[in-house]
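# Analysis of the macromolecular model
Single-letter residue listing:
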Amino acid sequence: MQDNIQFDPINDNDESFNLREQLENYLFHWKWFVLGVAVALLGAFLYLRYTPNQYSVSTTILVDDKNSGGLASELTAFADLGLMGGSKAVLDNEMELLKSKSLAERVVKSLGTNITFFKQGNVIKSELFSKSAPIKINFFSADSVFHKLDTSFTVRITSPSTFTLKDGVGNKSKDHNFGDLIKTNFGEMSITPLKQGKFEDDEEVIVKIVPFQSVVNRYRNALQIQPVSKQASVLRISLTDPVKEKAIEILDNLVAQYNNDAVEDKNLTAKNTNDFINQRILIVNEELSSVEKGAEQFKMRNQLTDLATEAGLAVQSKSLVEKEVLELNTQLKLAEYVSDYVNANPGELIPANLGIGDASVGGNTEKYNQLVLERNRILKGSSEINPVIVNLNGQIKNLEESIKQSLVNSKTALKISLNAIKGQQSKFASTISEVPKQERMFRDMQRQQQIMETIYLYLLQKREENAITMAVTLPSAKIIDTAYGSNTPVAPKPNIIYLAALLLGLLIPFGVIYVLTLLDNKVHSRKDLESMIKAPILGDVPNTKSDVKIVVSDSDRSSVAESFRLLRTNINFMLTGVKQGGKTIFVTSTLSGEGKTFVSINLAAVLSLTDKKVLLIGADIRKPKIGEYLELRYEKGLTHFLMDNAIKPTDIIESVTAMNFDFISSSLIPPNPSELLMNGRFEEVLAYGKQHYDYVIVDTAPVNLVTDTLLLGYLADMFIYVVRANYLDKRLLSIPKMMYEEKRLPNMAMLINGTDLEKGYGYGYGYGYNYYREGDKKPWYKTLFTR
């Protein structure tokens, strides 16, 4: 008996990725993929059928960068005073203004967007445009109360003039006439028709009131504002809504409210500017009057008419006075000089034509000099005693005294005149010295007067300009394109929805299968064994859907029967070295339920088909199954033999005539199975079998649960270790691996039981039309390539 014959017809350890194997693993579950796609497409269809269409509406506006509104731009009236700097609108600021809460509140309040009308369809409600609704509702509640309402009610039109109300829970009220004042729990209201006599029979309109702030926030978030380009001051405002007309109305109203705000801001600032200008005009007028009155009093107090002219006259007069003073001093000096000369030189010629202003002095001096010259001429020819000379001397003496007296009088007159002129000179000098102070004071008054006049005139001018500005105020935004939208909805998009549904229908089954595959730790195929255990693999037995335990017969060509025929061939190869007596084949497994009893029975059947004598022994005395599988009951079995030394092997051997092999059942379950198997009686049965049979097949207990199999293992010529596919945990493969590597089970070989050919596990058996039994169905993907 050979301990171990290595036989591995296909022992490929290649663990490379096999695309076909992975595809077949998923294609096996094609029905789930089809179901997933069908359900997903159905869901997409229902979603598209009952989801309201969304329409995109947009408008474009040109933002005025120079006149963006606000205080800074309106006070440009004072820019030339240096009071304000230039200001330009920033697109980002305008975008924030357009999305501001206050602007959205005015739009919602103006259009009453928090009140929506719906028409009930077969499945869902469809929103109506407020102007297309058959009715109009006027609410008389205060805004503080009405804007917080979150309610709905139904108006059922019973006739062209009457209707009934039904609240959100279905409670109906009495009939009302259109236009009646109706009292409700949220205030008073009246309903008027918009369709005169054109109502449908029992037409119902669902009215829904949404809290004001939630509507404002919803439209603020839905509003999309972006510049058309970086170089242009053009903004595109977009809004998506189920009702296109409603979105158009909202955008148009939004731009209108935005422009109204800008105009109001400008007008408000202009009005404030006008009030400011008028107030300043009054103040400046008072200040100007005060300055002019002060200048008037200053002139009156200083007796001035024209300060510059009077100052010029004073300077001119002073110059004349100084000239007169100089002339008078000159005359006085001349008079003193002549007087001194006359006194010092009596009888001598007196200097004439010196410019003495006294005419008497000049006349007497001229006469005096003539007499002196006449006397001197006569003296040349006569003496002092000449009567002519005496007469001339007398005249000269008189004239000399007259000149002296005239000079004295002239000096006195000159001094008087000089003193008077000096008084005038002092007066003019005082007047001139006061002119700079008066001029400075007057100039201060004049400067203040000019400043007040300039400001006054400037304010008058700006008041007129501001009035013109108020009359022709332009909005900040010029509408390039009014709100418009296509009749083609932007959402939901059928192509994308169906594509997403298709992908989702494929991905969900794929993900589930992938996760289940990741979590699956069962042995499925020969490849799982080859990756863990180097022991020979005898083959794999396909899974059978029938409840028949014996699947092998002469005429059976099924894949299961063929697998046992292949197993028979491989076993004979493994037992080539056993020369003498019958061949003992032990069948075991790791756990109970892996099909070792099933394999043992059918192995005995397939060996008996070759006219060999086969004995099947049920050595799993802890959990006997052979009698149950063969549907046979016998009073004595292996347990009786092991317990009673008087019983012979022939007493417990029974024949299965239908299958042409003998067997020994386990019969009773003993309390001490291990001790019974070790008492030596089992060796006697096995020796008898080897002597009288060609093959002795022993169905043993699982090696992982009890020690029975290991106690008897040395008696086997070969061990068939059964591993059930889709049943045994891969982690338990360490047990057969240890058994093989430590040679604890002689001539051990592996057999895979219960492989699923439809999943691609196993290799298949038979050729051509014999591959499948009559009536068997081929996998769907294989019928695609057959005629």
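Quick note: structure is the one above.
Report on the accompanying structure. (Residues numbered from 1 in each chain as written. Predicted model: local features only at pLDDT ≥ 70, side-chain atom pairs only at ≥ 80, totals over all residues. Heavy atoms only, no water.)

Where burial is concerned, most of strand β1 (residues 55–63) is hidden: seven out of the nine residues are buried. Strand direction decides the pairing type here: β1 and strand β12 (residues 234–241), joined by eight bridges, are antiparallel. For T60, the partnering residue across the bridge sits in β12 and is R236. (Buried < 20%, exposed > 50% of the residue type's maximum accessible area, 1.4 Å probe, protein only. Helix = DSSP H or I, 4+ residues; strand = E, 2+ residues; numbered from the N terminus. Pairing = 2+ DSSP bridges.)

Now for the packing of aromatic side chains. Applying the stated criterion across every chain, the model contains eight aromatic pairs. A centroid spacing of 5.0 Å and a plane angle of 35° characterise the contact between F163 and F178, whose relative ring orientation is tilted. Taken as a pair, F163 in strand β6 (residues 162–167) and F178 in the loop between β7 (176–177) and β8 (181–184) lie far apart in primary sequence, 15 residues in all. Both residues of the pair, F163 and F178, count as buried. Geometrically, the ring pair formed by F586 and F719 is edge-to-face, given 5.3 Å between the ring centres and 65° between the ring planes. Taken together, the positions of F586 in strand β15 (residues 583–589) and F719 in strand β20 (residues 718–724) put the pair 133 residues apart, joining distant regions of the chain. Classification of F586 as buried rests on a relative accessible area of 0%. By the ring-pair criterion, three or more aromatic residues cluster together here, those being F139, F146, F153 and F186. In this structure, R681 packs its charged tip against the face of F641, placed 3.7 Å from the ring centre. Against the face of Y727 rests R724, its NZ or CZ located 5.0 Å from the ring centre. (Phe/Tyr/Trp six-rings, centres within 6.5 Å; stacked < 30°, edge-to-face > 60°. Lys NZ or Arg CZ within 6 Å of the ring centre and 35° of its normal.)

Taken together, the six strands give an open sheet; going across it, the order is β3-β2-β10-β5-β6-β7, and neighbouring strands pair in antiparallel fashion. Strands at the two margins of the open sheet, each flanked by one partner only, are β3 (125–128) and β7. As paired elements, strand β5 (residues 151–157) and strand β10 (residues 203–209) share seven bridges and run antiparallel to each other. The partner of R156 across the bridge, within β10, is E204.

Let's shift gears to the packing of helix α2 (residues 30–50) against helix α12 (residues 494–519). Taken N-terminus to C-terminus, the directions of α2 and α12 make an angle of 150°; their axes are 8 Å apart at the nearest point. Seen from above, α2 lies across α12 with right-handed handedness. Residue-level contacts link W32, F33, G36, V37, A40, L41, A44, F45, Y47 and L48 of α2 to P494, I497, Y498, A501, L502, G505, L506, P509, F510 and I513 of α12. (Axes fitted to C-alpha atoms, helices over the stretch in contact; angles between N-to-C directions. Left-handed = near helix turned anticlockwise from the far one by under 90°. Contact = heavy atoms within 4.5 Å.)

Regions of empty space are outlined by a rolling probe, equal in size to a water molecule, passed over the atoms. If you walk through the whole model with that rule in mind, you get two cavities of 30 Å³ or more. Roughly 120 Å³ of internal volume is contained in the largest cavity. Lining the largest cavity we find 13 residues, and of these A104, V107, Y219, I250 and L254 sit closest to its centre. Looking at the lining of the largest cavity, the elements with two or more residues in it are α5 (101–111), α7 (212–222) and α8 (244–301). Of the residues assigned to the lining of the largest cavity, the class counts are nine nonpolar, two polar and two charged. In this structure, the second largest cavity occupies an estimated 110 Å³ of space. Considering the residues around the second largest cavity, the lining is formed by 13 residues, among which G112, T113, I115, S130 and K246 are closest to the centre. (1 Å grid on protein atoms, 1.4 Å probe; cavity = no way out; pocket = protein on both sides within 12 Å on 5 of 7 lines; lining within 4 Å. Points joined across faces, edges and corners; volume = space filled by probe spheres on them. Nonpolar A, V, L, I, M, F, W, Y, C, P; charged D, E, K, R; others polar.)

That's the geometry; what it means functionally is another story.
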